[in-house]
Structures are given as C-alpha cells and as structure tokens.
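Structural overview for review
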Amino acid sequence: MELLFLIAFWSVPIALGYIFGRMAEAKHYRAIHAREKALLGLPATSLKQLLGSAPVARSELVTGSVVVAVDHFKKAASALRSLVGGPVQSYESLLDRAKREAVLRPKESCPGAHEIVNVRLETMPLTGNQRQINGVEVLAYGTAIYYMEHTATP
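Residues numbered from 1 in each chain as written. Predicted model: local features only at pLDDT ≥ 70, side-chain atom pairs only at ≥ 80, totals over all residues. Heavy atoms only, no water.

The next thing to look at is helix H3 (residues 92-108). Residues separated by three or four positions in an α-helix point in the same direction, a consequence of the helix having 3.6 residues per turn. Taking 1.5 Å of rise per residue, the 17 residues of H3 would be expected to cover 24 Å, and the 25 Å separating its terminal C-alpha atoms lies within 8% of that figure. Along H3, the positions that sit buried rather than exposed are Ser93, Leu94, Arg97, Ala98, Glu101, Ala102, Leu104, Pro106 and Lys107. (Helix = DSSP H or I, 4+ residues; strand = E, 2+ residues; numbered from the N terminus. Expected span 1.5 Å × (residues − 1). Buried < 20%, exposed > 50% of the residue type's maximum accessible area, 1.4 Å probe, protein only.)

Further remarks concern the packing of aromatic side chains. This model, assessed by the stated rule, comprises zero aromatic pairs. Over the ring of Tyr146 we find Arg58, and its NZ or CZ is 3.8 Å from the ring centre. (Phe/Tyr/Trp six-rings, centres within 6.5 Å; stacked < 30°, edge-to-face > 60°. Lys NZ or Arg CZ within 6 Å of the ring centre and 35° of its normal.)

On to the sheet that holds strand S1 (residues 56-69), then. A sheet is described by the order of its strands in space; here three strands give the open sequence S1-S3-S2, paired in antiparallel fashion. The sheet is open, and its two edges are formed by S1 and strand S2 (115-127), each paired on a single side. Taking the axes of each pair of neighbouring strands and ignoring which way they run, one obtains an average angle of 10° across the sheet. Alignment of S1 against strand S3 (residues 133-147), held across 13 bridges, turns out to be antiparallel. Pairing of Val67 across the sheet is with Glu137, part of S3. (Pairing = 2+ DSSP bridges. Axes fitted to C-alpha atoms, helices over the stretch in contact; angles between N-to-C directions.)

Here is the structure:
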C-alpha cells in the first residue's frame, strides 16, 4: 500500500506537468507561428552585407530578450536523464521557442524597417540551487536597415 501511495505521489504531479506543459508549449508555438507569418516580409539574417541595393536612409540597433521557464515534466525528465547521461532532448523545444521568440521581438520593435542584418543570439541558462536548469534566457540583437523611399518621377 505504501508503494502504491509513493507511485501515485510522484506520478500525478509529473503527469499533470506533462499535460499542462504541453498545452502551454502548444499555445506558445501557435502564437509564434502566427507572428512569424505576419513578419515574413522582414528578413533577419546573420549576414553583415545588406540584402538590398537601395541607398540606406538610416539604421538602428534593435534588441529582443526572452526568458522561458522549464515545466515540471521537463525538470523530472532532465533529472532522470542526468543519471544516465547524454543530451536532454526535452530541452530542445524550450530552446527553439526561446530563440524564435527572441528573434521576433526585434522584428516587432522596428516597424517600417526593410531588413535586419548581423543578427546575433546570446543564450544563458538559468540555474537553481542544485545546478539544475530552471529556464533559459535568449537575447537577440541586430541592425535594422531602413532604405530611402524611391519616388517615381513622371
């Protein structure tokens, strides 16, 4: 009877963490997909060269930062994985969401820009007392380029 209680004691929070964590992750992915689709016309590249050939009217530094926390299921999965060793695959979606969100934020901060060049990402894990990852912070920055508007002459 004690064993059954211990199994239920540990499995219920992990199952709830999995269910609600997946729901929150799916909701965040839906929002990311919609925002990426809306900003598809604004390229953001790691290239230092400009994509366009028009004269540049102005440029500005744009940044975006995001912190994404780990859900309870991913914490439990990483604790089990640390006993065996190897990569923690449950954190891959966490990093993917954080990086994509961090790139979207500079795009949203520069309406009217034609492109963002020299995009860089800085990733920092957030650790707790037991050196376990509790989340990740990603900083994205680049240079927003605004080209001169060409007016047609009759």
